[in-house]
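Structural characterization, general
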Amino acid sequence: MNTPASQPAHEVPVPVAGFNLHNAVFFGAGNGLNKVRMQVADFNLHYGSFQALINVGMDVAARKITALIGPSGCGKSTLLRALNRMNDLIPGVRVSGQICLDGEDIYAPGVDVCALRKKTGMVFQRPNPFPLSVFDNVAFGLRVAGERSKAAIHETVERSLRGAWLWDQVRDTLHAPALDLPLDQQQRLCIARLLAIEPEVILLDEPCSALDPIATAKVEELLLNLKKQYTIVIVTHNMQQAARIADYTGYMLLGEMIDFGPTAALFTTPTDRRTNDYLSGRFG
Amino acid sequence: MRISPKHTQRIAIALLGTATGVTLVVLLFIIGFVLEKGLPVVSFSFLFSMPKDMGRAGGILPTLVGTLLLPLLAIAIALPLGVGTAVYLTEYTRETRLTRIIRFGTDCLAGIPSIIFGLFGFIFFVTTLKLGWSLLSGGLTLAIMVLPTIIRTSEEAIRAVPRAWREVSFSLGATRWETVTKVVLPNALPGIVTGVMLSVGRSIGETAAVIFTAGSSLRMPHSVFDSVRTMAVHFYIMAREGISNENAYGTAAVLVISVLLVNTTTYWLMENMPASPSIKVSVRDLKVFFGQFQALRGVSLDVPAFQILGVIGPSGSAKTTFLRALNRMNELTPGSRMEGQVLLDDEDVYGPGCDAVALRKRVGMVFAMPVPLPMSIYDNLAYGPRLCGIRARATLDTLIETSLRAAFLWDEVKDRLRSSGLRLSGGQQQRLCLARTLAMQPELILLDEPCSGLDPISTARIEEALTMLKARYTIILVTNNTKQAARVADTTAFFLMGELIEHGPTGQIFTAPRDQRTDDYVTGRFG
Amino acid sequence: MKITREQVVEKLLLLVACSAIMSLLLIAVFIVKEGAPFLIKVGPRDFLLSSDWRPQEGHFGIYPMIVASLWVTLGALLVGGPLGIAGAVFLTEFAPRALMRVVKPAIELLAGIPSVVFGFIGVMVLAPLVRAYAGGPGLSVLAAAVILGIMILPTVLSIAADAIASVPQSYREGALALGATRWQAVHMVVLKAARSGILAGLILGMGRAIGETMAVIMVAGNAVKVPHSPLDSVRTLTANIALEMGYATGMHRQALFATGIVLFIGIMLLNGSAMAVMKQRKGKS
């Protein structure tokens, strides 16, 4: 990692000015210290001439679940993918503003993108296990990092699969192709694959959109369990899902962060009329 | 010490890049070598004079002729067979055991080496059918050799023709064969031509199969039963028997250039085949006057096919005038006058050859207030098709059902098609009007604030129908509801006081408009 | 009346659609008809495993040609395979898109260069090089393998590139999101997913190499003997047919058709396996 020596790591970063009302609630009246893990400030993103994110700001609290909601095309997935620089893969993307992970700007020159992505793991909308065995899927991240010891790999694979509540289902078929698993197990395999690299932040992009309600409930329960150890950001088009599991929720519209705050506050007393319209189902 | 992944990657890319470079250099060297040695030999007299002394001196005229005729003959034989097969496989049958066998046979045929074709052509056409070494034997052999290529490319091209076009054709009462010849094949033509060109390229370069079937006579052929020598064979004989290296190089240069020409053309055709979103409507500097008042002040914009254009702007901004200019409805207003051009599929709708009535059949329109005609639901829908002369009951029935389904109305009215259209709710009436337009099989649908009189739920239904419909139609939607444009339109145009202020992708218009006035309007500051 | 016309058209089209399969059968029947009597008379064992090819004296053993064909084909695969796959990986995964758009068609265009031209280059440029730097007669297994390797390169490259390009983007994203470098993503995931497509490309390239005639005649030297080193001059099955067909009669000609049968079966096996591999890939995805 390349921490400039002059820049001390923030324990509790100063809230960025220019937010809306809820931030006051967020920082002031929280129960004790809510350590901020990731901080997005005045962030803009262009695809060519199209601006997909406009002056977005948000704080991601450690060991909490932060949800991003909004109608399709509002930029919530783009914002999520900005958090681990997956947008870099798309030609013609330009960014300005800041995203900090533990106080360090992830878009600063010289940042090791691979290392960043190891710290901010991502789960995608469609389960995307590699066309390898279950075991090799989970071991992938370790092998990428250069781990050679079989015993260590085996131990981590088991721990990660247990962490994703998948161990009991696959312990006997570890070497079967991952693509043969049912869809919800595939999605939990993708989560296990992440846990193996011990990320600090887990980013989920509509992880339940391909799943049925029962499988969704299971994944939600898993997420609530995982937040004891991990910081989680989830994009969802399902408002009830955000209401059920998220500690903080951000509402986005046409590339802007319209409203951001504790979930309960946002759902009951939104500060912006457009949030209210969306929540009460008037459009989207 | 383990090399870091970063370095491994760098080394890997360097190695892969080198391999690619080597490949390119080798292949370019081959072409360069042949051209450098051969081009100095090539001259007008080399190309167009008869060879002397077995090719040691003189030109290559007869081989040029042979190289031209043999592939032509092969294509003439293989094209009908190949396209016929492709049509049968795509249009006349489902996947059955027979089609699997045909496909398997085609694949096998494609893999057979040319020397086997040569052997077969020799024993079958030359010996058994007693055609001798001749243009005909060679052509037949080559035809079998290129047949798989033509079948495959044609099949691919035919499959790429949108299913909706076939449905339209059937629903207008065409038979399968008429649909194939009038709709499918003309639209698959570029793909089929690609297959033909690939085959020509392969025939020109072929040696083994040709030398055993068409022979190697250096005389000028006078009938299909004469033996011919192609350039490839000529080159082979001269190079192998050491007759004249110089003339061999010359022939090789001509050969390589012709193959590259044929292949480049093919590639160009393939590149240009799936016409990227073509422009359906193109408006050029359109001005509309009502008496002294100029309503539209020089509007230019393009609407790509199969997209929705949203037209927004405060009332009085001439959105509707713009819309009505597209199907010449403004002409019905006395004292109106227009300047500029409106092109529908590159054809000027105000041109002298364009009939306004025929135009309005191609361009469907739905009005702000639903206007069902005072007759049954069924007759409302059948009205347009009947005007066009469609009377067959079965055709009308299918047409009406498809249209109602497309407008998401079928389930609600299927049991009461005979009841009056006026008894439907407002939302249903509007969807009926939409279905009525669809029943006319238009190419372009104009909607003039179709949801202004409807409740949100009906509006949602219509919007849903529109997004489904754009797969088959090009749609222009005038709306007072900017959110509606944001939800359904691919591109949005903002009109103000008869001027087109801004036109662009919907996302851009709503999030990053270039003009301050657009910004003011979409953010609700006026309008 | 319209309906009957439709029926006629359909029957005619069915007939036309059988043209490909009929041609295939016709080819098989006629090659077998010419070659089978010979095979029965001499016996497949003597024909395939004897090294004695003296048609004038009635000795027909094609063992040397079979070995030569295999050597040359494998050699071509060794040359064309790695280069083709490396090129495919580089162009699809690492090269700028603009470069890919220029280079891939250029390489595919070159697939159309007539084989006699490749052969001629082999004779004029490659064989003297081999003679000067490696020894031997120059016209040899080595020269033939290199020339054939270059000839199959476009086939291997373009099929492998298509296979790699059709690997879902989500695999790459998944790997990168776990902190892998692009190269790690490519060789640990993408290449594994594209395995069967790449294999199919190699097999089809092999089919092309084993069936190639004119280029091989020109550069392989055409000596009928079992090769002992890559520098030996050899004659392949295809070359044997093409060289002697012109003047062969009677038994000799039948022997050549029997050689054709062997070639035909070999190619069918190769193409069959390529098709099976491709189908397996389709079934998976």
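A brief look at the structure comes next. (Residues numbered from 1 in each chain as written. Chains lettered and ligands numbered in written order. Predicted model: local features only at pLDDT ≥ 70, side-chain atom pairs only at ≥ 80, totals over all residues. Heavy atoms only, no water.)

Some details on helix α18 (residues 456-469) of chain B
All names here are of chain B. A rise of 1.5 Å per residue sets the reference length of α18, with its 14 residues, at 20 Å; its end C-alpha atoms lie 20 Å apart and thus fit the reference within 8%. Here α18 has its buried residues at S458, T459, I462, E463, A465, L466 and L469. For α18, the buried positions fall inside an angular range of 160 degrees around the axis, keeping them on one side. Turned more than 90 degrees away from the buried face of α18 sit P456, I457 and M468, all of them exposed. (Helix = DSSP H or I, 4+ residues; strand = E, 2+ residues; numbered from the N terminus. Expected span 1.5 Å × (residues − 1). Buried < 20%, exposed > 50% of the residue type's maximum accessible area, 1.4 Å probe, protein only. Arc of directions from axis to C-beta.)

A short note on the interface of chain B and chain C
Across the contact, 76 residues belong to chain B and 71 residues belong to chain C. Carbon and sulfur atoms supply 83% of the area that chain B and chain C bury against each other, a total of about 6700 Å² over both sides. For chain B, the biggest contributors to the area lost against chain C are L16, L27 and L119 of chain B; these three give 9% of the whole. Linking chain B with chain C are zero salt bridges, by the criterion used here. Linking chain B with chain C are four residue pairs in polar contact (both at pLDDT 80 or more). Broken down by element, the residue count for the side of chain B that touches chain C peaks at 20 residues, all from helix α1 (residues 5-38) of chain B. Within the side of chain B that touches chain C, the residues separate by chemical class into 53 nonpolar, 17 polar and six charged. (Contact = heavy atoms within 4.5 Å. Buried area = accessible area lost by both parts, 1.4 Å probe. Salt bridge = Lys/Arg side-chain N within 4 Å of Asp/Glu carboxyl O. Polar contact = N/O pair within 3.5 Å; in protein donor to acceptor, adjacent residues only side chain to side chain. Nonpolar A, V, L, I, M, F, W, Y, C, P; charged D, E, K, R; others polar.)

A few points about the interface of chain B and chain A
The interface is formed by eleven residues belonging to chain B together with twelve residues belonging to chain A. Between chain B and chain A, a total of about 830 Å² is buried, with carbon and sulfur atoms accounting for 60% of that surface. At the boundary of chain B and chain A, one finds one salt bridge. A salt bridge links K6 of chain B to D112 of chain A, with the shortest nitrogen-to-oxygen separation between them at 3.1 Å. Taken together, the links from chain B to chain A amount to one residue pair in polar contact (both at pLDDT 80 or more). For the side of chain B that touches chain A, the secondary-structure elements that each account for two or more residues are α1, α19 (482-488) and α20 (506-511) of chain B. The leading source of residues in the side of chain B that touches chain A is α20 of chain B, at four residues.

A short note on the sheet that holds strand β8 (residues 231-235) of chain A
The pairing of strands in a sheet comes from backbone hydrogen bonds and takes either a parallel or an antiparallel form. Residues and elements named next belong to chain A. Taken in spatial order, the six strands make up an open sheet running β6-β7-β8-β3-β9-β10, and their pairing is mixed. Looking at strand neighbours, the two that pair on one side only are β6 (120-123) and β10 (256-262), the edges of this open sheet. Going across the sheet, the axis of each strand differs from the next one's by a mean of 15 degrees, ignoring polarity. Sheet analysis places β6 next to strand β7 (residues 201-205), joined by four bridges and oriented parallel. Residue pairing in the sheet places G121 in a bridge with I202 of β7. Those strands touched by helix α8 (residues 213-226) are β3 (65-69), β7 and β8, and its axis lies near 150 degrees from that of β8. (Pairing = 2+ DSSP bridges. Axes fitted to C-alpha atoms, helices over the stretch in contact; angles between N-to-C directions.)

Examining the packing of helix α14 (residues 377-387) of chain B against helix α15 (residues 393-406) of chain B
Residue and element names in this part refer to chain B. Here α14 crosses α15 at 115 degrees, and the two axes come no closer than 10 Å. Both α14 and α15 take part in a crossing whose hand is right-handed. Across the interface between the two elements, Y378, L381, A382, P385 and R386 of α14 pack against R393, L396, D397, L399, I400 and L404 of α15. Residue composition of the contact of α14 with α15, by class: eight nonpolar, no polar and three charged. (Left-handed = near helix turned anticlockwise from the far one by under 90°.)

Considering helix α10 (residues 231-240) of chain B
Residues and elements named next belong to chain B. Across the ten residues of α10, nine count as buried, placing the element largely inside the fold. Turning to α10, its buried residues number three or more, namely M231, A232, V233, H234, F235, Y236, I237, M238 and A239. Phi for G242, located one or two positions after α10, is positive at around 60 degrees.

Some remarks on the packing of helix α4 (residues 63-94) of chain C against helix α10 (residues 195-211) of chain C
Residues and elements named next belong to chain C. In contact at an axis separation of 9 Å, α4 and α10 are set at 140 degrees when each is read in the N-to-C sense. As judged from the angle between their axes, α4 and α10 are oblique. Seen along the crossing, α4 lies across α10 with a hand that is right-handed. Together, S69, T73, A76, L77, G81 and I85 of α4 and I198, L202, M206, A209 and I210 of α10 make up the contact between the two elements. Tallied by class, the residues present in the contact of α4 with α10 amount to eight nonpolar, three polar and no charged. (Parallel < 35°, antiparallel > 145°, perpendicular 65-115°, else oblique.)

Regarding the sheet that holds strand β7 (residues 347-348) of chain B
Residues and elements named next belong to chain B. Reading across from one edge, β4-β3-β6-β7 is the order of the four strands in this open sheet, with antiparallel pairing throughout. With one partner strand each, in any of the chains shown, β4 (293-304) and β7 form the two edges of the open sheet. Examined bridge by bridge, strand β3 (residues 279-290) and β4 share nine bridges and lie antiparallel to one another. For F289, the partnering residue across the bridge sits in β4 and is Q294. Of the strands in this sheet, β3, β4 and β6 (336-344) touch helix α12 (residues 319-326), which is tilted by about 120 degrees from β3.

Distances and angles like these do not, on their own, reveal function.
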